[in-house]
Amino acid sequence: MTVTHPKGFRASGIAAGLKASGNADVALVVNDGPDYTAAAVFTGNRVKAAPVLWSQQVLKGGIVRAVVLNSGGANACTGSQGFRDTHATAEHTATVLRGGANRMMIGPGDVAVCSTGLIGELLPMDKLLPGVSAAAKALAADGGSRAAEAIMTTDTVAKNAVAQRDGWSVGGMAKGAGMLAPALATMLVVITTDASADNEVLDAALRAATRVTFDRIDADGCMSTNDTVILLASGASNRQPTLEELTAAVTEVCHDLAQQLIADAEGATKHIAIEVQGAASETDAVQVGRTVAGNNLVKTAFFGNDPNWGRILAAIGTTSAAFEPDRIDVAINGVWICKGGAAAEDRSKVDLSGRDVSVTINLREGEMSATIWTTDLSHAYVHENSAYSS
């Protein structure tokens, strides 16, 4: 139930020695066609890793026949040598796929490259390139789950999803457990479909999907340098859904993967959904939700099982959204502990013993709403990220 669920795709995941653990660290996803259309969205960070810069150029051509991914190194902030290494990776991938059993018609400009791991260090190309060769030999129609395992970094579980439709489907895999912030997250995502769609349709569907899924998770307010979400279409089903149908299926997969990302966020003990209602605009609703989600006082309160609605109101007050302080209502897990900007139901009624938490904020300014998903801030998060490089 992953990227190889749709027809026309093969994938693999192997260990090339990039990770000290010896775990799988190189993945390959290949589109066998007959279509090779693609779309992608990338990090909003102005500091972009070499693979992002390379893949942005590849996507301008609208054709992607293969995606090669590695964990164990981000190849970010590595200068001109890092970009040359990315180019060499794409060149090598194309070469081994042309020489494989399927004899693909593929050049380096048809290969997207994704990397994840520690920033600031060059990749060990003497290990990576042989790993790509091994990944090409291991390609299989059921290799999606192994590919999903190979892109994990601090993830504790592989992340896969599928949306099945009548005669066609969408599949996806993702990695990400930290640096989860709006404008994507520290994620690598490959989504596949056996539907037939041109580049404009794929781009529209993907951007609509990411806008309400990946762009609305925020674990720690930190934006990565390597974020990449790629959508590949093989056309192998001989079905051509409408834009609305394709968008719905892609959104379903993206939402599933986004929820898996936030559920696996580093050190998290709470999975928090912040729904902002009654906003004057969707922009206002998103801004309020993101501001509350990113507030460390709010996050630490939830870690301590403290339904501190005052911290939530204080966070809302830092936004430019339309609201009157004495009209705001706040509920936590269904208990309206704040009404009209003041204390309401007894906060002791709020049960925060479980992992899932719902926060409802009603601004009473309009009809628009939005939901942001976040986590608490725990001792484990601080430890994991303070010890990451060592």
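Residues numbered from 1 in each chain as written. Predicted model: local features only at pLDDT ≥ 70, side-chain atom pairs only at ≥ 80, totals over all residues. Heavy atoms only, no water.

Student: In this structure, what is going on with the packing of aromatic side chains? I would like to understand it.
Tutor: Aromatic ring pairs are reported here in terms of the distance separating the ring centres and the angle at which the planes meet. With the rule as written, the count across this model stands at one aromatic pair. Sitting over the face of the ring of Trp336, Lys339 holds its NZ or CZ atom 4.7 Å from the ring centroid. (Phe/Tyr/Trp six-rings, centres within 6.5 Å; stacked < 30°, edge-to-face > 60°. Lys NZ or Arg CZ within 6 Å of the ring centre and 35° of its normal.)

Student: I would appreciate a short explanation of the pattern of salt bridges in the present structure.
Tutor: Scanning the model with the defined rule gives twelve salt bridges in all. Put simply, Lys339 and Asp329 hold a salt bridge, and the shortest N to O gap is 3.9 Å. Of this pair, Lys339 sits in strand β13 (residues 335–339) while Asp329 is found in strand β12 (residues 329–332), placing the two residues ten residues apart along the sequence. Across the pair Asp329 and Arg364 runs a salt bridge whose closest N-O atoms are separated by 2.4 Å. Of this pair, Asp329 sits in strand β12 while Arg364 sits in the loop between β15 (356–362) and β16 (368–375); the two residues are 35 residues apart in sequence, bridging distant segments of the chain. (Salt bridge = Lys/Arg side-chain N within 4 Å of Asp/Glu carboxyl O. Helix = DSSP H or I, 4+ residues; strand = E, 2+ residues; numbered from the N terminus.)

Student: Where do I start with the pairing of strand β4 (residues 66–70) in this structure?
Tutor: Put simply, side chains in a regular strand alternate between the two faces of the sheet. Summarising burial for β4: five of the five residues are buried, a large majority. Here β4 shows two buried faces, one formed by Ala66, Val68 and Asn70 and the other by Val67 and Leu69. As judged from the five bridges shared by strand β2 (residues 26–31) and β4, these two strands associate in the antiparallel manner. When the sheet's bridge partners are listed, Val30 is paired in β4 with Ala66. (Buried < 20%, exposed > 50% of the residue type's maximum accessible area, 1.4 Å probe, protein only. Pairing = 2+ DSSP bridges.)

Student: How should the packing of helix α2 (residues 79–98) against helix α3 (residues 125–137) be read in this particular structure?
Tutor: It is at 9 Å that the axes of α2 and α3 come closest, and there the two elements cross at 30 degrees. Of the possible angle classes, the one that applies to α2 and α3 is roughly parallel. Judged by the twist between their axes, the crossing of α2 over α3 is right-handed. Contacts between α2 and α3 involve Asp85, Ala88, Thr89, His92, Thr93, Val96 and Leu97 from the former and Met125, Leu128, Leu129, Val132, Ser133 and Ala136 from the latter. (Axes fitted to C-alpha atoms, helices over the stretch in contact; angles between N-to-C directions. Parallel < 35°, antiparallel > 145°, perpendicular 65-115°, else oblique. Left-handed = near helix turned anticlockwise from the far one by under 90°. Contact = heavy atoms within 4.5 Å.)

Student: Just to check I follow, could you spell out empty space enclosed by the protein for this structure?
Tutor: A water-sized probe rolled over the atoms picks out the places where empty space is left. Overall, the coordinates contain two cavities of 30 Å³ or more when judged by the stated rule. By volume, the largest cavity amounts to about 50 Å³. Lining the largest cavity, in full, are Val68, Leu69, Asn70, Asn75, Thr86, Thr89, Val113, Cys114, Ser115, Leu123 and Leu128. For the lining of the largest cavity, the secondary-structure elements that each account for two or more residues are β4, α2 and β5 (111–115). Looking at side-chain class alone, the lining of the largest cavity contains six nonpolar, five polar and no charged residues. (1 Å grid on protein atoms, 1.4 Å probe; cavity = no way out; pocket = protein on both sides within 12 Å on 5 of 7 lines; lining within 4 Å. Points joined across faces, edges and corners; volume = space filled by probe spheres on them. Nonpolar A, V, L, I, M, F, W, Y, C, P; charged D, E, K, R; others polar.)

Student: Looking at this structure, how should I read helix α6 (residues 243–263)?
Tutor: Three or four residues apart is the spacing at which side chains of an α-helix point the same way, because the helix has 3.6 residues per turn. Spanning 21 residues, α6 covers 30 Å between terminal C-alpha atoms, matching the ideal 30 Å at 1.5 Å per step. Restricting attention to buried positions, one finds in α6 the residues Leu246, Thr247, Ala249, Val250, Thr251, Val253, Cys254, Leu257, Ala258, Gln259, Leu261 and Ile262. (Expected span 1.5 Å × (residues − 1).)

Student: I keep staring at the pairing of β15 and nothing clicks. Help me out?
Tutor: The element β15 is extensively covered by neighbouring structure, given that five of its seven residues are classed as buried. Examined bridge by bridge, strand β11 (residues 271–279) and β15 share seven bridges and lie parallel to one another. Bridging from a neighbouring strand, Glu275 pairs with Thr360 of β15. In this structure, β12 lies alongside β15, joined through four bridges in antiparallel fashion. Counted as the bridge partner of Val330 is Ile361 from β15.

Interpretation in functional terms is not warranted from these geometric data alone.
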